[in-house]
Amino acid sequence: MQLGVIGLGRMGRIVVDRTLAAGHDIVAYDVAEEAVESAAEAGGQPADSVADLAEQLGEEKRIWLMVPAGEPVDAALEDVEPYLDGDDVVVDGGNSYFEDSVRRAETTSAAYLDCGTSGGPAGAELGFSLMVGGPEWAYEELTPVFDAVATGPDGHDRMGESGSGHYVKMVHNGVEYALMQTYGEGFELLHEGRYDLDLEAVARTWNNGAVIRSWLLELCEEAFREEGTDLGDVADHIAGGSTGTWTVQEALEQEVPVPLIYEALSERFGSRSPAEGRFSRRLANRLRYGFGRHEVKRD
């Protein structure tokens, strides 16, 4: 099938490459001309504007937005809206707030799919985990593309009505915060504890058969291998926080206790005050590079 992709940053480019590799056609657009040229070199059809992209897609348009959450999504929708009707499908693959996704689904002429995307740059090789909300017919129409972009048929599913995809991804990120905090606290105790331990060896051993093995633990092993057991100059500063904040706000509204997620969010914000140099927060800082290639703040 033919897919238009708007937004060719790291994640958008992965959507392009994996879709092309599965034998589908891509029409690619980005405000950065060099990004469009690079996608064209990979086999995509370049577009020099949203209007050009829409024209190349023809009557039934299938468009994937991979732009930053918030105003950029609304701006992209405003640009593409004149070319859409009810037979078209638009996918928002960013980390949008779920209530914004509900609003966009109600105001966009096309069928709107909110697609929570997890896997980070590692998805270039492995594929993403995709949590999709919106009309069932639109989800089924895009299934060949979801199969290509995700790890496979088991790597994506329709969560429910509009907003549910980004809602599930929001809670996913809250869980991620808590897991990172838990690993950080455990390794901090080992680092400050009774024995002189090689934390890379601990992480590797745990990750081979132990109950707490996981990809995040693999990233802990990578962090200790590349930075050293004391994490070198990795700073006590954890960036991000919007999706965790949304999760805690929703938990308060629904009266669901989430003390672990709340404490992890508090630690994240606390890392931005005059630093105490907590090892757990330094590890969380480095883990964000591992799964998302986010910049590592260093002392």
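Everything numeric here is computed off the predicted structure, so don't read it as measured data. (Residues numbered from 1 in each chain as written. Predicted model: local features only at pLDDT ≥ 70, side-chain atom pairs only at ≥ 80, totals over all residues. Heavy atoms only, no water.)

> Explanation requested: empty space enclosed by the protein in the structure shown.
One simple way to see leftover space: roll a probe sized like a water molecule over the atoms. With the rule as written, the count across this model stands at 2 cavities of 30 Å³ or more. In this structure, the largest cavity spans a volume of roughly 60 Å³. Lining the largest cavity are Tyr177, Met180, Gln181, Ile238, Ala264, Arg268 and Ala284. Mapped onto the lining of the largest cavity, the elements with two or more residues apiece are α9 (164-192) and α13 (259-270). Partitioned by chemical class, the residues of the lining of the largest cavity number 5 nonpolar, 1 polar and 1 charged. (1 Å grid on protein atoms, 1.4 Å probe; cavity = no way out; pocket = protein on both sides within 12 Å on 5 of 7 lines; lining within 4 Å. Points joined across faces, edges and corners; volume = space filled by probe spheres on them. Helix = DSSP H or I, 4+ residues; strand = E, 2+ residues; numbered from the N terminus. Nonpolar A, V, L, I, M, F, W, Y, C, P; charged D, E, K, R; others polar.)

> Got a minute to help me understand the nonpolar core in this structure?
It is characteristic of soluble globular proteins that their nonpolar side chains tend to be buried jointly. Grouped together as the largest cluster of nonpolar side chains are 29 residues, with contacts concentrated most on Trp64, Leu130 and Phe146. Here this core takes 4 residues from helix α1 (residues 10-21), the largest share from any one element. Contacts of Phe146, omitting those with residues within four sequence positions, involve Trp64, Val91, Leu113, Cys115, Leu130, Val132, Tyr139 and His156. Core analysis: the next-biggest nonpolar cluster, separate from the first, contains 21 residues, Phe187, Val202, Phe291 and Val296 among them. (Core = buried A, V, L, I, M, F, W, Y, C linked by side-chain atoms within 4.5 Å. Buried < 20%, exposed > 50% of the residue type's maximum accessible area, 1.4 Å probe, protein only. Contact = heavy atoms within 4.5 Å.)

> Explain the packing of aromatic side chains to me, please; I cannot follow it from the model alone.
The relation between two aromatic rings is expressed through the spacing of the ring centres and the mutual angle of the planes. Taken as a whole and assessed by the stated rule, the structure comprises 8 aromatic pairs. Consider the rings of Tyr97 and Trp246, whose centres lie 4.9 Å apart with planes at 45°: the pair is tilted. With a gap of 149 residues between them, Tyr97 in the loop between β5 (89-92) and α5 (98-107) and Trp246 in helix α12 (residues 242-254) connect regions that are remote in the sequence. For the pair Tyr97 and Trp246, a shared accessibility class is recorded, and that class is buried. Members of the aromatic cluster, joined through ring pairs, are Tyr97, Phe98, Tyr167 and Trp246. The cationic tip of Arg268 hangs over the ring face of Tyr177; the distance from NZ or CZ to the ring centre is 3.8 Å. Of note, Arg293 hangs over the ring of Tyr289, and the distance from its end group to the ring centre comes to 4.4 Å. (Phe/Tyr/Trp six-rings, centres within 6.5 Å; stacked < 30°, edge-to-face > 60°. Lys NZ or Arg CZ within 6 Å of the ring centre and 35° of its normal.)

> What is the right way to look at helix α14 (residues 279-292) in this model?
For an α-helix the count is 3.6 residues per turn, leaving residues at separations of three or four pointing the same way. An ideal rise of 1.5 Å per residue puts 20 Å on 14 residues; α14 measures up with 20 Å between its terminal C-alpha atoms. The element α14 is largely enclosed, with a buried count of 13 among its 14 residues. After α14 finishes, the residue Arg293 shows a positive phi value of roughly 55°. (Expected span 1.5 Å × (residues − 1).)

> Just checking my understanding: could you explain helix α3 (residues 50-57) for this structure?
Of all the residues in α3, the buried ones are Val50, Asp52, Leu53, Ala54 and Leu57. Of the residues trailing α3, Gly58 is marked for its positive phi of about 80°.

> How should I be thinking about a nonpolar patch on the surface in this particular structure?
Taken together, Val171, Val175 and Leu179 make up a surface patch of nonpolar side chains, about 210 Å² in accessible area. Relative to the elements of secondary structure, Val175 occurs in helix α9. (Patch = residues over 30% accessible without salt bridge, like charges linked within 9 Å, V, L, I, M, F, W, Y side chains within 5 Å. Areas by Shrake-Rupley, 256 points an atom, 1.4 Å probe, with all protein chains shown as cover. Salt bridge = Lys/Arg side-chain N within 4 Å of Asp/Glu carboxyl O.)

> For this particular structure, what's the right way to read the pattern of salt bridges?
Two side chains carrying opposite charge are able to pair once their charged atoms lie near each other. Applying the stated criterion across every chain yields a total of 17 salt bridges. The salt bridge partner of Arg281 is Glu267, with a shortest N-O separation of 3.4 Å. Residue Arg281 is located in helix α14, and its partner Glu267 is located in helix α13; the two are separated by 14 residues in the primary sequence. The same class applies to Arg281 and to Glu267, which are both buried.

> How do you make sense of the packing of α9 against α13 when you look at a structure like this?
Helices that pack against each other are described as a pair by the angle of their axes relative to one another and the distance between those axes. Interhelical geometry of α9 versus α13 gives an angle of 70° and a closest axis separation of 8 Å. Relative to α13, the element α9 lies roughly perpendicular. Counted together, Gly174, Val175, Tyr177, Ala178, Met180 and Gln181 of α9 and Leu260, Ile261, Ala264, Leu265, Glu267 and Arg268 of α13 form the full contact between these two elements. (Axes fitted to C-alpha atoms, helices over the stretch in contact; angles between N-to-C directions. Parallel < 35°, antiparallel > 145°, perpendicular 65-115°, else oblique.)

Structural measurements only, silent on function.
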